[in-house]
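# Structural features, examined
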Amino acid sequence: MTSSPLSPSQAERRAAAVRSPRTRLTAVTALALVSALALSACGSDDSDKGGDKVKDARTVKDATGADVKVPGKVERVVVLSEMDLDSSLALGVQPVGLTAGRGQQGAPEYLADKAKDITVVGAVTGPDVEKVATAKPDVILAGQIADAQVLKQLKAIAPTVVTVGKAKDWKAALTLTGEVLNKQTEAKDFLAGYDQRVTEVKKGLGAKAGAKVSVARYSAKGTAVMQQGVFISDVLKDLGFKRPELQDKKGAGHSTPISDEDIQQIDGDWLFIGTLASKGKDADLFGELQKKPAYRQLGAVKGGKVSVVDGSKWTSLGGSLAAMSVLEDIEKAMGAK
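Heads up: these notes are all about the structure in this document. Please read these numbers as outputs of a predicted model, since none were measured by experiment.

Side chains that differ in charge, positive against negative, can pair when their charged atoms come close. Enumeration according to the criterion identifies 10 salt bridges in this entry. Among the ionic pairs, lysine 292 bridges to aspartate 260, the shortest N-O distance being 3.0 Å. Placement of the pair is lysine 292 in the loop between α9 (281-289) and α10 (293-296) and aspartate 260 in the loop between β11 (256-258) and β12 (270-275), with a sequence separation of 32 residues. Residue aspartate 260 is classed as partly exposed on the basis of its relative accessible area of 32%. As a salt-bridge pair, lysine 313 and aspartate 329 come within 2.8 Å of each other at their nearest N and O atoms. Placement of lysine 313 in helix α12 (residues 311-314) and of aspartate 329 in helix α13 (residues 320-333) is noted, with a sequence separation of 16 residues between them. Residue classification places lysine 313 among the buried residues on the basis of a relative accessible area of 7%. When salt bridges with common partners are traced through the structure, they connect Arg197, Glu200 and Glu331 into a single cluster.

Right under this line is the structure:
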């Protein structure tokens, strides 16, 4: 029997019926791929998202030497290091997101009150990119993040500025942050105020200004000393203090571990020592260290020249407010007039 020819509408329905699921899936996949490529193109280069569309855009050179376009007026900033948080607060800017400090669940202990309402968007090990995006920043201060993939993801969210250079210079970071946040005058004034306080403290210390000052941190991993090339050593250098032999050299990392057998290496005319948190396991263990004979035999301990300090301020990444507060701690501990 001869089949009747199909009408145009019947042919179209027959074609739709026999079109395979694989064909339909391929079409959907192709559409998704096009969308993904379009999104990738938006953040594929080294410029920041919407760099050409940023309102009243200004160009700043970040700590890596890269040019970054930032808004003329920054209203929502996310900070991804302790130093970024410190700098922003010092300049009168309240971030909308922060990464937790070393040994902390949130902001470093010395900034906890000022930062209590800021959303946590990551840890010291790195940001949670999804949480950063949820905070809807118009600028991201990326601290010392060097991971190219992480930076690429951040740049797809908002203009991203690496603020902390290899020297970890808190003054340079503050100056750069002032440029990003359009707070150049505030940054300049802060640094002038810091220099004035250094002069006052040195004068008040008198002969003590030439003392040998040791800084150490205690944790479950043991004792560690702060060598050159870190925040606290820069502050002590500004004051003209000498340092114990090991601490007068640049270390391989942020801090250098010392075994209990070598604990005499943390000794000095004055010793400032603490933990990253005033409560918890590290603080409890530090209490045990203070009872050990080797610790009690240190010259600074026997001479009553030990000050227990906030390690999140003295022995972490530091910053502008930390520097000012350290000057006050030294003034009180060493009896500056």
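Our focus in this paragraph is helix α6 (residues 170-180). Given 3.6 residues per turn, any residue in an α-helix points the same way as the ones three and four places further on. When we look at burial in α6, the residues that qualify are Trp170, Ala173, Leu174, Leu176, Thr177, Gly178 and Val180. The N-capping residue of α6, defined by a side-chain oxygen 2.8 Å from the backbone nitrogen of lysine 171, is aspartate 169. Remark: asparagine 182 follows α6 within two positions and exhibits a positive phi of approximately 60°.

Note on sheets: strands pair through backbone hydrogen bonds, and any given pair is parallel or antiparallel. Strands sit in the order β6-β5-β4-β3-β7-β8 across an open sheet of six strands; the sheet is mixed. Looking at the sheet topology across the chains shown, the edges are occupied by β6 (126-127) and β8 (160-161). Direction of pairing for strand β3 (residues 77-79) relative to strand β7 (residues 139-141): parallel, over a ladder of three bridges. Bridge pairing in β7 links valine 77 to valine 139.

Let's shift gears to helix α7 (residues 184-205). Across its 22 residues, α7 extends 32 Å between first and last C-alpha, which sits within 8% of the 32 Å expected from 1.5 Å per residue. If you follow the buried residues of α7, they end up packed against α3 (82-90), α6, α8 (231-238) and α13. Positive backbone phi, at 60°, marks glycine 206, one or two positions downstream of α7.

About the thresholds
Residues numbered from 1 in each chain as written. Predicted model: local features only at pLDDT ≥ 70, side-chain atom pairs only at ≥ 80, totals over all residues. Heavy atoms only, no water. Salt bridge = Lys/Arg side-chain N within 4 Å of Asp/Glu carboxyl O. Helix = DSSP H or I, 4+ residues; strand = E, 2+ residues; numbered from the N terminus. Buried < 20%, exposed > 50% of the residue type's maximum accessible area, 1.4 Å probe, protein only. Polar contact = N/O pair within 3.5 Å; in protein donor to acceptor, adjacent residues only side chain to side chain. Pairing = 2+ DSSP bridges. Expected span 1.5 Å × (residues − 1). Contact = heavy atoms within 4.5 Å.

Structural measurements only, silent on function.
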